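Survey of secondary and tertiary structure
The residues making up each chain are set out below.
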Amino acid sequence: MSKRVLLIVYHSKSGSTERMARAVIQGAQDEELEGVAVVAKSAYQADASDLLQANAIILGTPENFGYMSGALKDFFDRTFYEVEGKIAPLPYTVFIKAGNDGTGALNAIRRIANGYPFVEAQEPLIVKGELTPADTEKCRVLGQTFAAALDLGIY
C-alpha cells in the first residue's frame with residue numbers, strides 16, 4: 001500500500017512560525033505513522049505539483065497586517081488555476097503565529113481554501129504573542145493528530 005502524502009506549506013520571516021512548522025513536521029513524522037509521507041516546503045518553494053500529489057495539507061503563516069503572509073498568498077496565487085478541477089477535496093488545517101488575534105489571517109485562508117477545494121478537517125491553532133514551549137508542544141500535537149487521522153483513513 002502506498003503512503004498518503006501530507007503536504008505542509010508554511011512561511012516564516014522572524015523565525016517563530018518556522019519553529020511552529022518544525023514542531024508540526026516533527027509531530028507529523030511520528031515513527032508510528034507508517035502510512036504517511038510528509039512533504040514540508042516553504043510557501044515560496046511549494047507549487048501545483050505538490051498539491052496534485054497531496055492527500056491532505058497543513059498551512060502555516062504569521063499574521064501580517066491582520067492577514068496571512070504575502071508568501072502564503074503567493075502560493076495560493078501560483079497554484080489555484082493550475083490545480084482547478086484537478087484535485088479532489090483536500091482535508092486541511094492551519095497554524096498561525098499572531099501578533100493580534102489571527103482571525104483576519106484565518107478568515108482569508110478559509111475563503112481561499114473553499115475555492116480549491118480544501119475542507120477544514122481539524123481546528124486551527126493560533127498562537128498569540130510570544131511562542132512558548134507549551135505552544136510548540138501544541139504544534140507538535142497538531143501535526144501528529146492530523147497525520148494520524150490521515151494514516152487511519154479518517155480523511
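For clarity, every value in this text was computed on a predicted model and none was experimentally measured.

Procedures and definitions
- Residues numbered from 1 in each chain as written.
- Predicted model: local features only at pLDDT ≥ 70, side-chain atom pairs only at ≥ 80, totals over all residues.
- Heavy atoms only, no water.
- Buried < 20%, exposed > 50% of the residue type's maximum accessible area, 1.4 Å probe, protein only.
- Helix = DSSP H or I, 4+ residues; strand = E, 2+ residues; numbered from the N terminus.
- Pairing = 2+ DSSP bridges.
- Right-handed = clockwise from strand over helix to strand, strands pointing away.
- Lys, Arg positive; Asp, Glu negative; His and termini not counted.
- Salt bridge = Lys/Arg side-chain N within 4 Å of Asp/Glu carboxyl O.
- Contact = heavy atoms within 4.5 Å.
- Phe/Tyr/Trp six-rings, centres within 6.5 Å; stacked < 30°, edge-to-face > 60°.
- Axes fitted to C-alpha atoms, helices over the stretch in contact; angles between N-to-C directions.
- Parallel < 35°, antiparallel > 145°, perpendicular 65-115°, else oblique.
- Left-handed = near helix turned anticlockwise from the far one by under 90°.
- Nonpolar A, V, L, I, M, F, W, Y, C, P; charged D, E, K, R; others polar.

Take the pairing of strand β3 (residues 56-62) next. Looking along a regular strand, one sees side chains alternate from face to face of the sheet. Counting buried residues in β3 gives seven out of seven residues, a clear majority hidden from the surface. Alternating residues of β3 divide into Ala56, Ile58, Gly60 and Pro62 and Ile57, Leu59 and Thr61, and every residue in both groups is buried. Relative to β3, strand β1 (residues 4-10) runs parallel, the two sharing five bridges. Across the sheet, tyrosine 10 pairs through a bridge with glycine 60, a residue of β3. As for the winding sense of the linkage, the β-α-β connection from β3 through helix α3 (residues 70-83) to strand β4 (residues 90-98) is right-handed.

Here we come to the side chain of aspartate 135. Topologically, aspartate 135 is positioned in helix α5 (residues 133-151). Buried and unpaired, aspartate 135 has lysine 138 as its nearest opposite-charge partner, separated by 4.2 Å. Once residues lying within four places of it in the same chain are set aside, the contact partners of aspartate 135 are Val127 and Glu130.

We now examine the packing of aromatic side chains. Following the criterion strictly, the structure yields seven aromatic pairs and no others. On the numbers, 5.8 Å between centres and 50° between planes, the contact of phenylalanine 75 with phenylalanine 76 is tilted. Of the two residues, phenylalanine 75 and phenylalanine 76, both sit in the buried class. For the ring pair phenylalanine 80 and tyrosine 81, a centre distance of 5.0 Å and an interplane angle of 85° mean the geometry is edge-to-face. Here the aromatic cluster, defined as three or more aromatic residues joined through ring pairs, consists of Phe75, Phe76, Phe80, Tyr81, Tyr92, Tyr116 and Phe118.

For the rest of this paragraph, the subject is the packing of helix α1 (residues 16-28) against α5. Packed helix pairs are characterised by how far apart their axes lie and by the angle those axes make with each other. Running from amino to carboxyl end, α1 crosses α5 at an angle of 40°, the nearest separation of the two axes being 6 Å. On the basis of their axis angle, the class for α1 and α5 is oblique. As for how α1 packs across α5, the hand of that crossing is right-handed. For the pair α1 and α5, the contacting residues are Met20, Ala23, Val24, Gln26, Gly27 and Ala28 in the first and Thr136, Cys139, Arg140, Leu142, Gly143, Gln144 and Ala147 in the second. In the contact of α1 with α5, the residues fall into seven nonpolar, five polar and one charged.

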